[in-house]
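Each chain, written out:
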Amino acid sequence: MMRTIFLAVAATLTASSANAAVIDWQAELERCRELRASVAPLLQAGEGISAVGRSNRSVRRCIWIQRIAVRKKIPGAETW
């Protein structure tokens, strides 16, 4: 009985993690373009990335998304 429950939970977790890995490339690239547009003037003015009020996590994610999109040759991908 316990083994059956364990296998059912494992199958559910595997299925949900597989769905979570799907990336909407165009939406992610658009979000990164907007982030870059809002951060670029502040960086050009000499402000550090920590001073612009953006999370380092979102910047790192955009850099990662851009790198993978360029590698996969997704239309609209550009390097940072």
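Preceding block: the structure.
Just so it is clear, the model here is predicted, and its values are computed rather than measured.

Thresholds, definitions, all that
Residues numbered from 1 in each chain as written. Predicted model: local features only at pLDDT ≥ 70, side-chain atom pairs only at ≥ 80, totals over all residues. Heavy atoms only, no water. Salt bridge = Lys/Arg side-chain N within 4 Å of Asp/Glu carboxyl O. Helix = DSSP H or I, 4+ residues; strand = E, 2+ residues; numbered from the N terminus. Buried < 20%, exposed > 50% of the residue type's maximum accessible area, 1.4 Å probe, protein only. Disulfide = S-S within 2.5 Å.

Undergrad: Hey, could you go over the pattern of salt bridges for me, with residue numbers and the actual values?
TA: For the structure on display, the rule yields 3 salt bridges. Among the salt bridges present, the one from Glu28 reaches Arg61, with a minimum N-O distance of 3.2 Å. With Glu28 in helix 2 (residues 25–44) and Arg61 in helix 3 (residues 56–71), this pair connects stretches of sequence that are 33 residues apart. Given the relative accessible area of 15%, Glu28 is considered buried.

Undergrad: Go over the state of the cysteines, please, and point to the residues and values.
TA: Throughout the structure, instances matching the rule amount to 1 disulfide. Bridging Cys32 to Cys62, the disulfide has an S-S length of 2.4 Å. Judged by the torsion about the S-S bond (-95 degrees), the Cys32/Cys62 disulfide is left-handed. Here Cys62 lies in helix 3 and Cys32 lies in helix 2, a separation of 30 residues in the sequence.

Undergrad: Please give an account of unusual backbone geometry that cites residues and values.
TA: Positive phi outside glycine occurs at Lys73, with the angle close to 60 degrees. In this fold, Lys73 is placed in the segment after helix 3.

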